[in-house]
Amino acid sequence: MDIKETLLIVDDEQNTLEGLKEIMTQEGYHVLTALSAEEGLKLLNNDGIDLVITDLMLPGMDGMEFARTVLRDYIGIQVIIITAFGTVKSAVESMKEGIYNYITKPVHIDELLVIAKKALDESRLRKDYIDLKSKVEAKYKFINIIGASGAMIKVFEKVLKVAKTNSTVILRGESGTGKELIARAIHEKSARADKPFMTIDCTSFPETLLESELFGYEKGAFTGAYKTKIGCFEAAEGGTIFLDEIGNISPDVQVRLLRVLQERIISRLGSTKPQKVDVRVIAATNTNLENAIKKGTFRKDLYYRLNVIPIILPQLKQRRSDISMLIDHFIKKYAAENDKNVKSCTPEVEKLFIYHDWPGNVRELENAIENAVVMCDESVIVVDDLPKYLVTKYEKSKFAGLQEDELDLSAQLELAEKRIIKSTLEKVDYNKTKAAELLSINLRTLHNKARKYNL
Ligand SMILES: Nc1ncnc2c1ncn2[C@@H]1O[C@H](COP(=O)(O)OP(=O)(O)OP(=O)(O)O)[C@@H](O)[C@H]1O
Ligand SMILES: [Mg+2]
């Protein structure tokens, strides 16, 4: 049998409260009631409430303040507001703060049932993902690596397997997919964890410098070599070396690397004495090595030596189900770093993030959230806090592919508004002053809306 979902209904009118309770109980919900926000908060402390439905006008703490408190202190609980017609505007505003939806009085039961069911579906999804997240964390114990999608679980499984070996690993994936993070995780999960982890970004050195950085040099090996210097391979002895952006290294360095990978032997520049090293190599690239081989810029034999165990990191848009988790993770991170009280984002922002294509992958998402946390003045990030380029794209694609009645209430209202403004403008030959008069709104509002809807 399904476990009943629990609703808390708050209204100061005893009759309304009892009426709603009766209907919702018949629908199979477990219903708690309260005559004031204060009483409601006491009930919330007993676990298990999934959805709050509250009247806006309440004695004492009002419905809006109550809703804010619930959203702030009881993560995962959705809130629906019941409002008289005259206060619809503030209710619409409230949706920007994360309130799930609002219903105007008199309450139409069918409408209430549909909205309540949708809200509960969403909160169930959210709870499922919080569960999944803690299961994945408990199983893999990757600190600070977020992901519970099938694609990331495959990556985690592979990381745990290769960590037990000394095999060379190559990490492939677009920029910002987490290659460096995974390289560190492999090291940290390996028996080499208490030995050095050295990162070399191969593109950030000119050719000769890269060689001396990797292999070191003897005193007098070249002009300017005043004393002997050990390279990263020696410095990483017993540990792991992470060769980032390996796709563009010079032919000379390729030959030397091949020798390390084949024989685990290096020699410093200017020395003929070969030296054994015990270093695990992890390489990464976002270039197409196969094409580089065809073009003759990358050695085939080195490719085979590197490609022993490839791990391919998925693009963020191939694992959209992880985006909510990443949002939470980065909000926490940047709120702490910037000493801000930001706790979450509105459902609209979350939706926007989930549908964006993220060409810069996790790094782009991370930057967008850092930016939003800094811009946000409240505890919840709203669309206005986001970088402009994200919003413009979202506005354009928001209605794409959906039937009008499949959209949520705010989107339907926006569509209706757009239609009305468009037809009024057409009627008055795009004279905005006249249109504003006809619609009884001020000219500036009309300008803003016309811009918003591209009219
Ligand atoms: N799964 C993840 N969980 C949490 N943070 C992540 C995840 N993947 C990537 N990041 C973060 O995104 C940023 C980019 O990751 P990283 O530097 O590892 O990517 P990369 O694949 O090496 O990119 P590039 O090719 O541009 O060097 C980092 O700040 C990293 O912490
Ligand atoms: Mg990198």
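What you see is a predicted model; the values in this text were computed from it and never measured. (Residues numbered from 1 in each chain as written. Chains lettered and ligands numbered in written order. Predicted model: local features only at pLDDT ≥ 70, side-chain atom pairs only at ≥ 80, totals over all residues. Heavy atoms only, no water.)

A.B. asks: Let's hear about the layout of surface pockets: which residues, and what values?
C.D. replies: When its volume is computed, the second largest pocket comes out at roughly 720 Å³. Contributing to the lining of the second largest pocket are 30 residues, with Gly 178, Lys 179, Glu 180, Leu 181 and Ile 182 lying nearest its centre. The dominant element in the lining of the second largest pocket, judged by the number of residues it contributes, is helix H7 (residues 179-188), at seven residues. Grouping the constituent residues of the lining of the second largest pocket by class yields eleven nonpolar, seven polar and twelve charged. Lining the lining of the second largest pocket are residues from two domains, each supplying at least three of them: domain 2 (150-314) and domain 3 (318-391). (1 Å grid on protein atoms, 1.4 Å probe; cavity = no way out; pocket = protein on both sides within 12 Å on 5 of 7 lines; lining within 4 Å. Points joined across faces, edges and corners; volume = space filled by probe spheres on them. Helix = DSSP H or I, 4+ residues; strand = E, 2+ residues; numbered from the N terminus. Nonpolar A, V, L, I, M, F, W, Y, C, P; charged D, E, K, R; others polar. Domains from an automatic or database assignment.)

A.B. asks: Talk me through the sheet that holds strand E13 (residues 280-285); I want residue IDs and the actual numbers.
C.D. replies: As summarised here, the arrangement of the five strands in space is E7-E10-E13-E6-E14, forming an open sheet in which the pairing is parallel. Lying at the two open borders of the sheet, with one neighbouring strand each, are strand E7 (197-201) and strand E14 (309-312). This sheet shows a mean twist of 20° between the axes of neighbouring strands, independent of strand direction. (Pairing = 2+ DSSP bridges. Axes fitted to C-alpha atoms, helices over the stretch in contact; angles between N-to-C directions.)

A.B. asks: So what's going on with the sheet that holds strand E4 (residues 78-83)? Which residues, and what values?
C.D. replies: Ordered by their spatial adjacency, five strands build an open sheet running E2-E1-E3-E4-E5, and the pairing between neighbours is parallel. Bordering the open sheet on either side are strand E2 (30-34) and strand E5 (101-104), each of which pairs with just one other strand. Ignoring strand direction, the axes of neighbouring strands in this sheet form an average angle of 20°. When strand E1 (residues 6-10) meets strand E3 (residues 49-55), the two strands line up parallel, connected through five bridges. Pairing of Leu 7 across the sheet is with Leu 51, part of E3. Each of E1, E3, E4 and E5 touches helix H5 (residues 109-140); the most contacted strand, E3, lies at about 140° to it. (Contact = heavy atoms within 4.5 Å.)

A.B. asks: Please provide a residue-by-residue account of the site of ligand 1, values included.
C.D. replies: Not every one of the 19 residues close to ligand 1 is listed here, only the nearest: Ser 175, Gly 176, Lys 179, Arg 363 and Glu 366. At 2.5 Å, a side-chain N or O of Ser 175 approaches an oxygen atom of ligand 1. Take Lys 179: an N or O atom from its side chain is 2.7 Å from an oxygen atom of ligand 1. Considering ligand 1 on its own, with 630 Å² of exposed area, one finds that the protein chains cover 86% of that surface. A majority-of-atoms criterion places ligand 1 in the second largest pocket. Where the shell around ligand 1 is concerned, the elements lending two or more residues are H7, helix H13 (323-337) and helix H15 (361-375). (Near = heavy atom within 4 Å. Polar contact = N/O pair within 3.5 Å; in protein donor to acceptor, adjacent residues only side chain to side chain. Areas by Shrake-Rupley, 256 points an atom, 1.4 Å probe, with all protein chains shown as cover. Sits in = over half its atoms within 2 Å of the grid points.)

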